[in-house]
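In case you want the letters, here they are:
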Amino acid sequence: MRWFETPNFNFTGSRKIAYVVSAVLILISVGAIISKGLQYGIDFKGGKEFVLEFDQPINVVEVRSSLGEPLGSVPEVKLFGSESDILIRTDNEDEINEVQTRIMNTLSEVFPDNPATVIKTDVVGPRFAEDLKSGALQAVIYAIVIIFIYIMVRFRNWTFSAGAVAALIHDVVITLGVFTILSDVVDFSLQIDQNIIAAFLTIVGYSLNDTVVVFDRIRENSNVHKGMDYIPMVNKSLNDTLSRTVITSVTTLFVVLVLFIFGGEVLKGFSFALIIGIILGTYSSLFVASALVVELKGDK
């Protein structure tokens, strides 16, 4: 970390390159979301879920691939408490008894030596799913509005609020775009469900924390270096906090990577969202939030 003992990178001077990079990423993300649509889980579009108990440990990847054709789409399959219990969630619209019979017949053919019994079934209705989707959207919007007000009160300047909120929206939109683009590519579920909404709110908190640390240093340097021009002072503040930003991001990323590798199928989507969010949050706190404050303030 000697590179960060006395760093002197020109972050503010590179902000126009960062604008181009961010604009391209956002356009690709929005284009993917509009053309392909967000990939909702059954929490947000309705469906059915089944908990099955097998006599022996079962491979969820094999179960998922075997049920794709009978159910008309690849279901969400996770271990449920033990290696012989699984949770199957599908958006198939047929009657629940018919879907259950199709699942059991398929699994008895694919795993003849490992019989299963159904220990629980449930249906998520379209109205409940719609209410849940609306609640999740409101949670994100209210969080952003409260953050805008908090930053404005804390720093007594709306430009800091605008920079922070723009960085948060930047991070969430690009993460949603990555999820949409990779949903058919990776071998784990990237559907938007309650876990992913929790991950997005965590990303918002993480990104905000980094941004507030930089803003605090800008305010502190504004009082200490009163004769200094604004843009060099912002750049100095970014360099002053660079060591803390990088160390925090790298150590957090290590933890989330361990969670992604060893956390099991249930946490793959959640931890993947956090990995993308940490990388984007670090980038946006260095190149988006403070740069927008500089642009909105209009000082040299």
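Use the structure listed above.
Now for a look at the structure at hand.

Parameters at a glance
Residues numbered from 1 in each chain as written. Predicted model: local features only at pLDDT ≥ 70, side-chain atom pairs only at ≥ 80, totals over all residues. Heavy atoms only, no water. Helix = DSSP H or I, 4+ residues; strand = E, 2+ residues; numbered from the N terminus. Expected span 1.5 Å × (residues − 1). Buried < 20%, exposed > 50% of the residue type's maximum accessible area, 1.4 Å probe, protein only. Contact = heavy atoms within 4.5 Å. Polar contact = N/O pair within 3.5 Å; in protein donor to acceptor, adjacent residues only side chain to side chain. Pairing = 2+ DSSP bridges. Axes fitted to C-alpha atoms, helices over the stretch in contact; angles between N-to-C directions. Parallel < 35°, antiparallel > 145°, perpendicular 65-115°, else oblique. Left-handed = near helix turned anticlockwise from the far one by under 90°. Patch = residues over 30% accessible without salt bridge, like charges linked within 9 Å, V, L, I, M, F, W, Y side chains within 5 Å. Areas by Shrake-Rupley, 256 points an atom, 1.4 Å probe, with all protein chains shown as cover. Salt bridge = Lys/Arg side-chain N within 4 Å of Asp/Glu carboxyl O.

### Points about helix α3 (residues 60–71)
Reasoning step 1: Compared with the 16 Å implied by 1.5 Å per residue over twelve residues, the 16 Å span of α3 between its first and last C-alpha is a close match.
Reasoning step 2: Residues of α3 that are buried: Val-60, Val-63, Arg-64, Ser-66, Leu-67, Gly-68 and Leu-71.
Reasoning step 3: Its buried side turned inward, α3 meets β2 (76–79), β3 (85–90) and α4 (96–110).
Reasoning step 4: In this structure Asn-59 caps α3, since a side-chain oxygen of it lies 2.8 Å from the backbone nitrogen of Val-61.

### Describing unusual backbone geometry
Reasoning step 1: Of note, Arg-156 is a non-glycine position whose phi angle comes to about 50°, a positive value.
Reasoning step 2: Summarising the element assignment, Arg-156 is placed in the loop between α5 (126–155) and α6 (158–182).
Reasoning step 3: You can call Arg-156 exposed: its relative accessible area is 77%.

### A few points about the pairing of β3
Reasoning step 1: Buried residues dominate β3, accounting for six of its six residues.
Reasoning step 2: Burial of the side chains of β3 extends over both faces: Asp-85, Leu-87 and Arg-89 are buried on one face and Ile-86, Ile-88 and Thr-90 on the other.
Reasoning step 3: Alignment of β2 against β3, held across four bridges, turns out to be antiparallel. From the neighbouring strand, Glu-76 faces β3, where its bridge partner is Arg-89.
Reasoning step 4: Linking two consecutive strands that pair antiparallel, namely β2 and β3, is a turn of five residues; a positive phi of about 90° is found at Gly-81 within it.

### With respect to the sheet that holds β2
Pairing between the strands of a sheet comes from backbone hydrogen bonds, and it takes one of two forms, parallel or antiparallel.
Reasoning step 1: An order of β2-β3-β1-β4 is seen for the four strands of this open sheet, with the pairing classed as antiparallel. Each edge of the open sheet is held by one strand with a lone partner, namely β2 and β4 (116–124). Adjacent strand axes in the sheet meet at a mean angle of 20° when their direction is disregarded.
Reasoning step 2: Lying over the sheet, α4 contacts β1 (47–54), β3 and β4, oriented at roughly 40° with respect to β1.

### Points about the packing of helix α7 (residues 194–224) against helix α9 (residues 242–262)
Reasoning step 1: Here α7 crosses α9 at 165°, and the two axes come no closer than 11 Å. On the basis of the axis angle, α7 is roughly antiparallel to α9. Pair α7 / α9 crosses with right-handed handedness. Seen from α7, the contacting residues are Tyr-206, Asn-209, Asp-210 and Val-213; seen from α9, they are Arg-244, Thr-245, Thr-248, Ser-249 and Thr-252.

### Some words on a nonpolar patch on the surface
Reasoning step 1: A cluster of nonpolar side chains, namely Leu-137, Ile-141, Tyr-142, Val-145, Ile-146, Ile-149 and Val-153, defines an oily patch on the protein surface of about 700 Å² accessible area.
Reasoning step 2: Looking at where Val-145 falls in the secondary structure, it is placed in helix α5.

### Considering the pattern of salt bridges
Reasoning step 1: Here the structure, examined in full by the defined rule, presents ten salt bridges.
Reasoning step 2: In this structure, the salt-bridge partner of Asp-240 is Lys-236, at a minimum N-O distance of 3.6 Å. Of the two residues, Asp-240 and Lys-236 both sit in helix α8 (residues 230–240), four residues apart, roughly one turn of that helix.
Reasoning step 3: Classification of Lys-236 by relative accessible area gives partly exposed; the value is 28%.
Reasoning step 4: Look at the salt bridges and you will find they share partners, linking Glu-49, Glu-76 and Arg-89 into a network.

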